[in-house]
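# Fold and geometry: a report
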Amino acid sequence: MAKTKTTFFCQNCGAQYAKWQGQCNACKEWNTIAEEVIQKAEKVSWKTHDSPLTERSRTAKPQRISEISTQAEARLNTKNNELNRVLGGGLVPGSLTLLGGEPGIGKSTLMLQIALQLPYKTLYVSGEESAQQIKMRAERIQPIAENCYILTETKTQNIFRNIAEIEPDIVVIDSIQTLHTDYIESTAGSISQIRETTAELIKFAKETATPVILIGHITKDGNIAGPKILEHMVDTVLQFEGDRNHIYRILRANKNRFGSTNELGIYEMQGRGLREVSNPSEILISKNDEDLSGTAISATLEGMRPLMIEIQALVSSAVYGTPQRSATGYNAKRLNMILAVLEKRAGFKLGAKDVFLNVTGGITVDDPAIDLAVVAAVLSSNIDIAIDKRLCFAAEVGLAGEVRPVTRVEQRILEAEKLGFTSIVISKYCKIPKNNFHINIIKVAKVHDVVHHLF
Ligand code: TYD
Ligand code: MG
């Protein structure tokens, strides 16, 4: 009998050790090293099953860079504009895409929906749900789909055998953590299994030019579960995020070998699957006619996409000694900084007030251009007077109380104009072509000046 071979892996970063130790040398985490049984018998690749697909494979030879044709690679249109945009125009043949996200956010729904819509032959491999469950879900989304095959299997060797039979154009694996290969003896979801099954899938994808989409779980701190090397191995890492209690979901690329990572896709979770949201600004701004204090609208940019977002603030006298500050969808430290700036540079006494801030729609915004809208919302709530609904903001606030210019301000102004805003407040130092816009552009230099334009 072959001797059982074991190695130690860091469960956090995937580093490999010959013996156990308390701290991982690579990522410096404590108590993350665990023993795993590995049995690399004879190394067998996906090809050993006399697959007809192997005929499609070719061996690579060195080529002169000047001789490589620069034609744009043919991409597979996923029939889903938001996904196409995030991928950079569609799925690249032979690429491996990893889709991560919290449990219940809708990863399986999104991928099944894509598989059902596609005009190509797709194989949806699930190790998480039974075929009946998938069928029930599919019926909710789209009842008729002729090209979609479902396989409930977790062993890669069996998956490849089925692939050889069906010859799908696209393969979806739900999820990488449930897969296991015969040649490694540790449990599914362990570092060595994830590494090995991904390697097998990459080999398959590259050799047959079939795009493979992997669904991956994430850990409690938001990283994709498994070794970091998983993210290095795949071509594209997509993140599906959003608040489970809200209906909006955001798809973004954290890594993309074939396109920009700036793009963003927005979906709405409905009773019948995910709907693409092609004009997000309209839904993110609440449509009530009443004048409410404490709300301000910011012209932000998520990646390349302009997005009008509503910010809500509530400022009230602190009940307890230490005032509370809380922010949802906005960096809490940044909120504290803005409050300090308002106190010091504009003379507002907010030190004894509770301040709550919320970005509506359950989305998180990193764009610094939101700062000025935060200032406006806080001031509006503080004196309880509503800001004109047709006014919006796009500027960063600096520590000296200066209002700083932001990138692509023209694009933001155009979006605001398109949505019917009559005025936009930007930094005095923004360079924009004159007289191009119908919207009234208000330029301010300091936070203190903003107040005059607000009420
Ligand atoms: P799911 O796609 O299984 O999430 P994941 O694979 O990321 O864990 O879960 C989707 C959630 O969305 C589930 O709680 C039910 C809900 N849902 C809808 O609201 N509408 C639908 O049409 C479907 C299929 C699911
Ligand atoms: Mg799932």
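Residues numbered from 1 in each chain as written. Chains lettered and ligands numbered in written order. Predicted model: local features only at pLDDT ≥ 70, side-chain atom pairs only at ≥ 80, totals over all residues.

## Considering the environment of T422
Filter applied, for reference: The numbering of helices and of strands both runs from the N terminus, where a helix is a DSSP run of H or I of at least 4 residues and a strand a run of E of at least 2. Residue burial here comes from a neighbour count, namely the number of other C-beta atoms, placed from the backbone, that lie within 10 Å of the residue's own C-beta, with 20 or more meaning buried, 12 or fewer meaning exposed, and in between meaning partly exposed. Working definition of a contact: two residues with C-beta atoms, positioned from the backbone, lying within 7 Å.
With respect to the helices, strands and loops of the structure, T422 is situated in the loop between α10 (409–418) and β20 (423–427). The exposure class assigned to T422 is partly exposed, which follows from the 14 C-beta atoms found within 10 Å. Measuring from C-alpha to C-alpha, the distance between T422 and K389 comes to 9.1 Å, with 33 residues separating the pair along the chain. Beyond its immediate sequence surroundings of up to four residues, T422 is in contact with R390, I439 and N440.

## As for the site of ligand 1
For the record, the criterion: The C-beta atom of each residue is placed using the backbone, and any residue whose C-beta lies within 6 Å of a molecule or strand is treated as near it. When residue character is reported, Ala, Val, Leu, Ile, Met, Phe, Trp, Tyr, Cys and Pro are called nonpolar, Asp, Glu, Lys and Arg charged, and the others, Gly included, polar.
Among the 15 residues in the neighbourhood of ligand 1, the closest are listed as G106, K107, S108, T109 and G273. By residue class, the composition of the shell around ligand 1 is 4 nonpolar, 7 polar and 4 charged.

## Thoughts on the UniProt feature "binding site: ATP" (unreviewed entry) in the protein chain
For the record, the criterion: UniProt positions are given in the numbering used here, feature names are shortened, and annotations may be inferred rather than shown by experiment.
Listed under "binding site: ATP" (unreviewed entry) in the UniProt record, and renumbered for this structure, are G101, E102, P103, G104, I105, G106, K107 and S108. Within the secondary structure, I105 is located in the loop between β4 (96–101) and α2 (107–117). Its place among the elements puts K107 in helix α2. Classification of K107 as buried rests on a count of 23 C-beta atoms within 10 Å. Excluding residues within four positions of it along the chain, K107 makes contact with L99, G101, I215 and F240.

## Things to note about the domain arrangement of the protein chain
Heads up, the rule is: Reported domain spans reflect what an automatic or database domain assignment gives.
Split into domains, the protein chain comes out as domain 1 (1–40), domain 2 (77–278) and domain 3 (283–454). Relative placement of domain 1 and domain 3: their C-alpha centres are 49 Å apart.

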